[in-house]
Every structure is written in C-alpha cells, then in structure tokens.
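Listed below are the residues making up each chain.
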Amino acid sequence: MEKLRTVRGVHDLLPNELHNHNEVINAGLEISDKYNYSQIEIPIFEFAEVFTRPLGKSSDIVTKENYIFKDRSEDELMLRPEGTSGVVRAFLNAGLVQDVPQRFSYYGPMFRYERPQKGRLRQFKQFGIECLGLPSSMADIEVISLGNDFLCKLGLLDKINLKINTLGDFESREIFRDALVIYLNDYKSKLSRDSLKRLSVNPLRILDSKNEGDQKIVENAPNILEYLNSNSKARFDDICKGLDHLNIDYTIDNNLVRGLDYYCHTAFEFTTNELGSQGTVLAGGRYDGLSKMLGGPDIPGVGWAAGIERLAFMVQSEFVNKTDVVLIGQSEKNNFLLLPIMKKLVQNGIKTEIIYDGNLSKKFKRANKIKALYAIVLGEEEISKKVIKLKDLKIGSEEFLDLNQAIKRIKINEDLE
RNA sequence: GCGGGUGUAGCUCAGUUGGUUAGAGCGCGGGUUUGUGGUACCUGAGGUCGCCGGUUCGAAGCCGGUCACUCGCCCCA
C-alpha cells in the first residue's frame, strides 16, 4: 500500500514546532488580556458570502486562493482565509452592537490556496485582535501598541520594523486614486505586466510593486498625504503623535497599501528581513466599512493579525520535554505496584513515566534518553522493607525512602531549578 | 498562476566520465554488564535512489512527464 501523506502546503506539527507555536500564542493571549481584549473562537468555515462580500470580488483571496465548496445541502461554504470578517460577523450576530466598544482576540487556522513557500502555507495559523466600535484614532494607537508589546514580549523587536501609512477616508481615497491613475496612464507602456492589470483593478497596489521599473515610476507619483482631507490628515497626525508618546519606532511608508477593500485610514505592518520574501509578520489597519458590508450598522473597527508560523520561526526556542521521575520495577510483575505510585506522584504535580519493558539496564537507558531527573526503583528488597529507592540520575546517588519523603525531596529540588 | 533549485537509510549528507553486492556520520536494535543509565568498545537491522515512462548491453547519475519541498514573482500573516 502506498504511504499516505499530508496535502500540499498542509503540515503536521510535531511537539518541537508546536511548542514554538504555543509560545507565540500564549504571549499573544497574555498581552492582549492585559489590554483587556477577550478571547473568542469563531467557526473555521462559514457561508462563503461572509468572506466574498467584504473582501471584494477582485481580491486574490476570493478569486483564486479560496477553499470553497458545497455541502450536502448545497450551501456554498468557504474555509476562512482570514479572521476579521468572521469576528465582525459574530459580533453582529451576538447583538453586541448595543455594547461597544468590544475588544476581541482570537487564534487558529486559516486557509488559502496559494503556492507554498517557507512562511506561506495553505493551512496556516494567525493570532489576531479586533477593536470594534471606536471611531477614535486612539483605538488605532492602542492596537498598534498592543502589537508592539506582543512582539516585544517575544523578544523580536530588534529584528522587526514598523511601517505605517494612511489610506485616508473613502472620500480622500477616491480623489487620490483618480490622481494616481491619471499619473500612471502616462507610463502605461513602461509598467510591468502585473501592474498594467492592477491599473484598472486596484491601482493603489502598484505603489508597493517590487518590480524595479515600477518602483522608479512610482517615485514621482502623487503622494497620498497631499490628497487627504482635513479630517483624514488630522487622524494620521494623531496616530504619529500617539506612537511618539509611546516611544514606538516607526517609519511612514506612503507606498504601503492594503489588498482588502474594507480598509481605510490607518494601515501598518511589522516586517522582518529574516524570513526571505515572506517578511510581514504582523499587519493590520482600520476597517470602518466592514460592518456595513456584512449587513450590520455602521460600526468602525481596527485590528491586526499576526502569522504564527512566521513568528514561531523567529522564536526558535529549543524544546526539551523534561521528565521528573521514571518508575522502574525490578520485574514485570512489580508494574502493578508502580501504578498507585504514579498516581500519587501525578497528584503531587510531578511528571512521571512508568518504564514497562526490558531489564534494569534497558530501563535506565530509557530513563536517560527521556532526560529523567529521578528514578524510583521498586524491587524485592524495597518491597520487603516497605520503601522505595530514589535515585538522582544527575549525580547517581541512591537512597531508601518512603514515598512521601521521596515526593518531598523531588519537589524541593524542582523548586531550586 | 509564472520562473529557478533540490529530491539517495529515521535525520544530515557522500556517491568520479552511466558499469555489476549503493556508502558514511548521527540515531535505532542487540551485546560487553543476572539490581543500574550517561562514556567506551563490539555487533545488527534499516534503501522500490520521490513516482512514472524513455534512451542504453547496462541508469541513483542522461532525457521527458509527474508529485513534493525550496527560492523568487504574484499575493499576503
């Protein structure tokens, strides 16, 4: 029989790697809890419309990167490609519109049918936060500050840069877009093929093209900051001021744009150059239009999502599963006597494994392999004396003790480490 | 979706201009050790050379296709 494997771009997570993921997730949950964001969980698949409506018919995520399918009742469903739409949908369904602001955190798998690369999988995990119901620029600053603290907690701040930009409100953006198209039309013959396509579909995207020729053309293109109305301009100034107050380093990058239609005003990205071309590690922005697109009232929102695999790759702490105690019986028939000992050790919070097979030599080899700190040996001599033998595997010393004394000893030494 | 690289033991990799039983280190099993691990020594197992086809007397090595990984583009976390 042919050996089965995972599907393309979908990977197993073995203990080592999962440990790194959990470190990222736990840091995220802890810091967002302190910022008073409450964890929620939403479905992994939804009616396709939850994503197709807000993401816009032209976005890649909807046109070619989706996992879309019909279930047995012919409903069009989609594996979620991102978290924000689902969170806002849940917020609307729960009637929390009555009770704003709401602050949420979430994490879990997302799905995009893309060509896999390092840091880009078809099933990948995101950690994200959303702040709903606050139109004030203070919410933008809060959210960026939370992201910054999250990365700081992971010890990654010195490897990561923050870029921010504004897309303006919808009015400013329209005016800017028109000006940009007029400018770019003069260079139609020199634009790359990709950008030529973008010119009609999503001209703002041309601004962050990696094509050198495009970049030269873009250098002298209209600057979004000059097209902002006074409200949009004031917002952006506030955000810069807020970040200054927090001593958060950032660079303004007027070519930073968003692929998804519901974004407006603030856009930001934390990037690294340690991951090759998939350098965006945490990104987000304001999405005041989203709630309405999902059929709800006009509720503003701002948030971000971080790539767990990408961050875990940078954290890379070595995971050692350290066993506290192994239980070794002299012969197989003593194994039954080891069960209540294990139970008692576990109740005392001690990580325990019974080694069932082999002679004593093999059992100690196993103990060594799993990096056990202590061995408790139970043989004929111990049974007749009604004690156990506690061996410290680091220094090799052995002692006859009763079980309660042994537990005490193990716990004392654990605390010292 | 487009372009480049790679694929040999569980892992990291050798393998000459195509030549007969495909190798190493680590890891794994057994032993030196009948109540005791780590070190050392001895020894053993493990490979349809990613898969399919072609060229050839003969293919791990050449050619075509395919799958997977990887790098860049696209896009994004």
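**Some points on the domain arrangement of chain A**
Inference 1: Per the domain assignment, the segments of chain A are domain 1 (15-169 + 229-315) and domain 2 (325-416).
Inference 2: Centre-to-centre separation of domain 1 and domain 2, based on C-alpha positions: 49 Å.

**Topic: the protein's contact with RNA strand B**
Inference 1: Taken together, 48 residues lie near RNA strand B, and Arg112, Arg120, Arg198, Arg205 and Lys391 sit nearest.
Inference 2: When the atoms of RNA strand B within 4 Å of the protein are grouped by moiety, sugar and phosphate amount to 57% of the total.
Inference 3: Listed by contribution, the elements that provide at least two residues to the surface near RNA strand B are β6 (123-132), α7 (193-201), β10 (280-286), β11 (301-307), α13 (360-369), α14 (380-385) and β15 (388-392).
Inference 4: Looking at the surface near RNA strand B element by element, the count peaks at seven residues for α13.
Inference 5: A per-class count over the surface near RNA strand B returns 11 nonpolar, 14 polar and 23 charged.

**Quick word on helix α5 (residues 137-153)**
Inference 1: If you check α5, its first and last C-alpha atoms are 24 Å apart, about what 17 residues at 1.5 Å a residue would give, namely 24 Å.
Inference 2: The buried fraction of α5 is high, at 12 of 17 residues.
Inference 3: Listed as buried for α5 are Ser137, Ala139, Asp140, Ile141, Val143, Ile144, Ser145, Leu146, Gly147, Asn148, Phe150 and Leu151.
Inference 4: The N-terminus of α5 is capped by Ser136, whose side-chain oxygen sits 2.8 Å from the backbone nitrogen of Met138.

**A word on the side chain of Asn148**
Inference 1: Tracing the chain through its elements places Asn148 in helix α5.
Inference 2: Apart from residues lying up to four places away in sequence, Asn148 is in contact with Leu157, Ile248 and Phe270.

**A few points about the sheet that holds β6**
Inference 1: Pairing within the open sheet is mixed, and its eight strands lie in the order β1-β5-β6-β11-β10-β9-β7-β8. Both outer strands of the open sheet, β1 (38-39) and β8 (251-252), are each paired with one neighbouring strand and no more.
Inference 2: As defined by bridge partners, strand β9 (residues 264-271) adjoins β10 across six bridges and the pair is classed as antiparallel. Residue pairing in the sheet places Phe270 in a bridge with Leu282 of β10.
Inference 3: Relative to strand β5 (residues 102-111), helix α4 (residues 84-93) is tilted by about 135°, and along the sheet it contacts β5 and β6.

**Observations regarding the sheet that holds strand β4 (residues 76-79)**
Inference 1: With antiparallel pairing, the three strands of this open sheet are ordered in space as β2-β4-β3. In this open sheet, the two edge strands, each paired with only one partner strand, are β2 (45-47) and β3 (68-70). With strand direction ignored, the average angle separating the axes of adjacent strands in the sheet is 35°.
Inference 2: Summarising the sheet, β3 and β4 pair through three bridges and their orientation is antiparallel. For Lys70, the partnering residue across the bridge sits in β4 and is Glu76.

Thresholds, definitions, all that
Residues numbered from 1 in each chain as written. Chains lettered and ligands numbered in written order. Predicted model: local features only at pLDDT ≥ 70, side-chain atom pairs only at ≥ 80, totals over all residues. Heavy atoms only, no water. Domains from an automatic or database assignment. Near = heavy atom within 4 Å. Helix = DSSP H or I, 4+ residues; strand = E, 2+ residues; numbered from the N terminus. Nonpolar A, V, L, I, M, F, W, Y, C, P; charged D, E, K, R; others polar. Expected span 1.5 Å × (residues − 1). Buried < 20%, exposed > 50% of the residue type's maximum accessible area, 1.4 Å probe, protein only. Polar contact = N/O pair within 3.5 Å; in protein donor to acceptor, adjacent residues only side chain to side chain. Contact = heavy atoms within 4.5 Å. Pairing = 2+ DSSP bridges. Axes fitted to C-alpha atoms, helices over the stretch in contact; angles between N-to-C directions.

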